[in-house]
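Chain by chain, the residues:
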Amino acid sequence: MPARLRAAREAAGHSLARMAALTHFSKPYLGLVETGRRTVTVDVIERYEQVLGVAIGTALDPVRITHEWLIADTPASTYLRAGRQVGTGLVEALEARVVELRHLDDTVSSSHMLPVITKELKAATALTRNAAYADATGRRLFTAVGELAQLAGWVASDAGQYAQAKQLYLSGVSATEVIGDRVLGAQLLSSLSYQIANIGRRDDAFLVARSAVKGATGATPVVRALLLERYAWAAARLRDGDTVRRVLDAVDDAYEQRADGICEPEWVYWLNRAEIDVMAARCAIELGAPTQAEPLLIRALGGYNSNHVREVALYQTWLAESYAKTGDLDAARATLGQAQAAAERVDSARLLRRVVAVANLIDRRGA
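Residues numbered from 1 in each chain as written. Predicted model: local features only at pLDDT ≥ 70, side-chain atom pairs only at ≥ 80, totals over all residues. Heavy atoms only, no water.

**Examining the overall build of the chain**
1) Next: Counting its secondary structure elements, the chain contains 18 helices and zero strands.
2) Next: Against the 2.2 N^0.38 benchmark of 21 Å for 367 residues, the chain shows a C-alpha radius of gyration of 22 Å, consistent with a compact globule.
3) Next: Its C-alpha atoms put the chain at 70 × 45 × 40 Å along the principal axes.
4) Next: Burial statistics for the chain: of 367 residues in total, 54% are counted as buried.
5) Next: Taking all contacts inside the chain whose residues are at least 6 apart in sequence as the whole, residues at least 24 apart take part in 70%.
6) Next: Carbon together with sulfur atoms contributes 52% to the accessible area of the chain, which is approximately 15700 Å² in total.
7) Next: Across the chain, the 43 positively charged side chains and the 42 negatively charged ones have centroids separated by 6 Å. (Helix = DSSP H or I, 4+ residues; strand = E, 2+ residues; numbered from the N terminus. Rg over C-alpha atoms; globule rule 2.2 N^0.38 Å. Buried < 20%, exposed > 50% of the residue type's maximum accessible area, 1.4 Å probe, protein only. Contact = heavy atoms within 4.5 Å. Areas by Shrake-Rupley, 256 points an atom, 1.4 Å probe, with all protein chains shown as cover. Lys, Arg positive; Asp, Glu negative; His and termini not counted. Charge placed at Lys NZ, Arg CZ, Asp CG, Glu CD.)

**Description of helix H8 (residues 135-158)**
1) Next: Given a rise of 1.5 Å per residue, 24 residues ought to cover 34 Å, and the 35 Å separating the end C-alpha atoms of H8 matches this to within 8%.
2) Next: Within H8, 19 of the 24 residues are buried, leaving the element largely enclosed by the surrounding structure. (Expected span 1.5 Å × (residues − 1).)

**Observations regarding the packing of H8 against helix H10 (residues 182-199)**
1) Next: In the contact formed by H8 and H10, the axes pass within 10 Å of each other and the chain directions differ by 10°. Considered as vectors, H8 and H10 are oriented roughly parallel to each other. Residues Thr143, Gly146, Glu147, Ala149, Gln150, Trp154 and Ser157 of H8 lie in contact with H10, whose contacting residues are Leu184, Gln187, Leu188, Ser191, Tyr194 and Gln195.
2) Next: Counted by class, the contact of H8 with H10 contains five nonpolar, seven polar and one charged residues. (Axes fitted to C-alpha atoms, helices over the stretch in contact; angles between N-to-C directions. Parallel < 35°, antiparallel > 145°, perpendicular 65-115°, else oblique. Nonpolar A, V, L, I, M, F, W, Y, C, P; charged D, E, K, R; others polar.)

**Comments concerning the nonpolar core**
1) Next: Of all hydrophobic cores here, the largest spans 105 residues; its most connected members are Ile117, Leu148, Trp233, Cys283, Leu297 and Leu336.
2) Next: The contact partners of Ile117, leaving out residues within four places of it in the chain, are Leu101, Leu148, Leu151, Ala152 and Val155. (Core = buried A, V, L, I, M, F, W, Y, C linked by side-chain atoms within 4.5 Å.)

**Structural notes on the environment of Glu49**
1) Next: In this fold, Glu49 is placed in helix H4 (residues 42-52).
2) Next: The spacing of Glu49 and Val223 is 174 residues in sequence and 36 Å in space, taken between C-alpha atoms.

**A look at the packing of aromatic side chains**
1) Next: Inspection of the entire model under this criterion finds five aromatic pairs.
2) Next: Their ring planes at 90° and their centres at 5.4 Å tell us that Tyr304 and Tyr315 sit as a pair that is edge-to-face. Taken together, the positions of Tyr304 in the loop between helix H15 (290-302) and helix H16 (309-325) and Tyr315 in helix H16 put the pair eleven residues apart, joining distant regions of the chain. With respect to burial, Tyr304 and Tyr315 carry one shared label: buried.
3) Next: If you follow Arg282 out to its NZ or CZ, it ends over the ring of Trp233, 4.2 Å from the centre.
4) Next: The residue whose ring lies beneath Arg354 is Trp318, and the NZ or CZ to ring-centre distance is 3.5 Å. (Phe/Tyr/Trp six-rings, centres within 6.5 Å; stacked < 30°, edge-to-face > 60°. Lys NZ or Arg CZ within 6 Å of the ring centre and 35° of its normal.)

**What about helix H3 (residues 27-34)?**
1) Next: Burial runs high along H3: six of the eight residues are buried.
2) Next: Of the positions making up H3, those classed as buried are Tyr29, Leu30, Gly31, Leu32, Val33 and Glu34.
3) Next: The backbone nitrogen of Tyr29 has a side-chain oxygen 3.1 Å away, supplied by the residue at the start of H3, namely Ser26.
4) Next: Positive phi shows up at Gly36, right after H3, with a value of about 85°. (Polar contact = N/O pair within 3.5 Å; in protein donor to acceptor, adjacent residues only side chain to side chain.)

**Describing the environment of Thr143**
1) Next: For Thr143, the position within the fold is in helix H8.
2) Next: In the structure, Thr143 is positioned 142 residues away from Ile285 in sequence and 36 Å away in space, judged by C-alpha atoms.

**Overview of the pattern of salt bridges**
1) Next: By the definition in use, this model includes 24 salt bridges.
2) Next: A salt bridge links Arg201 to Asp204; its shortest N-O distance comes to 3.3 Å.
3) Next: Its relative accessible area of 18% is what places Asp204 among the buried residues.
4) Next: Its salt-bridge partner being Arg273, residue Asp252 comes within 2.9 Å of it at the nearest N-O pair. (Salt bridge = Lys/Arg side-chain N within 4 Å of Asp/Glu carboxyl O.)

**A closer look at the side chain of Ser157**
1) Next: Take Ser157: it is sitting in helix H8.
2) Next: Of note is the side chain of Ser157, whose polar atom sits 2.8 Å from the side chain of Gln195.
3) Next: If we ignore the near neighbours within four places in the chain, the residues touching Ser157 are Tyr162, Ala165 and Gln195.

**What to know about the packing of H10 against helix H12 (residues 221-237)**
1) Next: At a minimum axis separation of 10 Å, H10 and H12 run at an interaxial angle of 25°. When the interaxial angle is binned, H10 and H12 end up roughly parallel. Crossing of H10 over H12 shows left-handed handedness. The residues of H12 that touch H10, namely those facing Val183, Ala186, Gln187, Ser190, Ser191, Ser193, Tyr194, Ala197 and Asn198, are Val223, Leu226, Leu227, Arg230, Trp233, Ala234 and Arg237.
2) Next: Across the contact of H10 with H12, the residue classes tally to nine nonpolar, five polar and two charged. (Left-handed = near helix turned anticlockwise from the far one by under 90°.)

**Quick notes on the environment of Arg365**
1) Next: Within the fold, Arg365 resides in helix H18 (residues 349-366).
2) Next: On the accessibility criterion, Arg365 (44% relative accessible area) is partly exposed.
3) Next: Apart from residues no more than four positions distant in its own chain, Arg365 is found in contact with Ala324, Lys325 and Leu329.

**Some words on the side chain of Thr176**
1) Next: Turning to its location among the elements, Thr176 is positioned in helix H9 (residues 162-179).
2) Next: Overall, Thr176 belongs to the buried group, its relative accessible area being 1%.
3) Next: Within the structure, Thr176 has its side chain in polar contact with the backbone oxygen of Val173 (distance 2.7 Å).
4) Next: With residues up to four places along the chain from it excluded, the contact list for Thr176 reads Gly146, Asp181, Leu184, Gly185 and Leu188.

This is how it looks when you write it as structure tokens:
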């Protein structure tokens, strides 16, 4: 990405100083961006496109970004020291805020969460550009930016803001590249693959998900299980049963390797056996085996936190779909009715899309 920006500028015959004047970024900052020592953000790409009149936006193609991320060398963790000093106290407060926002997403609607998270992300990104910090502090700062970008992308996707979600995910990947964090980069790309599998080109989702698994060097067991889950889902959307079964077995193997002495990142706090069963059930439904899905979903829903209204309702839509596909339309309607009631209280485009899709399926089956 940095090389592509520099090549586009040079092809247009602009010096770095001229580009700074035209884009209203500072020359030192653009120098760092073009050499890979600062995150290539969406606003930088858009400003270059406007000034140069070229489609650098192809850089936002998720498959291309994933490929570049997979083969790229780990960049040096060096930063320009300018502006005020960022100390450990500020970084610790930011890290705590990221955790707080991540858990709030369990119970607060996307429409309320998205502006809050994007505001935090903007402020944290500004720190990476303008503040002074030691290398260790800078690493934690860029990690927080990457985690905020993933959370913002997830919430934007839930709200149906798919283009914004893609930009957020890929900007987060850029942040992780600065510090060479392959695992967090894989989490961002894997999250994007999940969105693409649901609303985009399924073969692209499969490629991105598989690349995220391969590139996550040093991933802990639960992280690996999460990345594999999304890989399995992408395969299920392609109706690739052999890959689904192989990858779900790998999910189980990875999850069983977790141990008290292994420090998992906080962002996998939610992944447990029930969530793994839900994904296995969803894959079974996609592959035309709804009878296998029903017991898994019933067990998972039986122990699920009722305060997590959106997730409960989403899983109810899958249970309703499994009932509909096995011919039990009464159970399907009753279960979907519970999800519909929740959808009226929860602002989630993802949930609403599922409710509508399953309602249409039940109508077709009952006709």
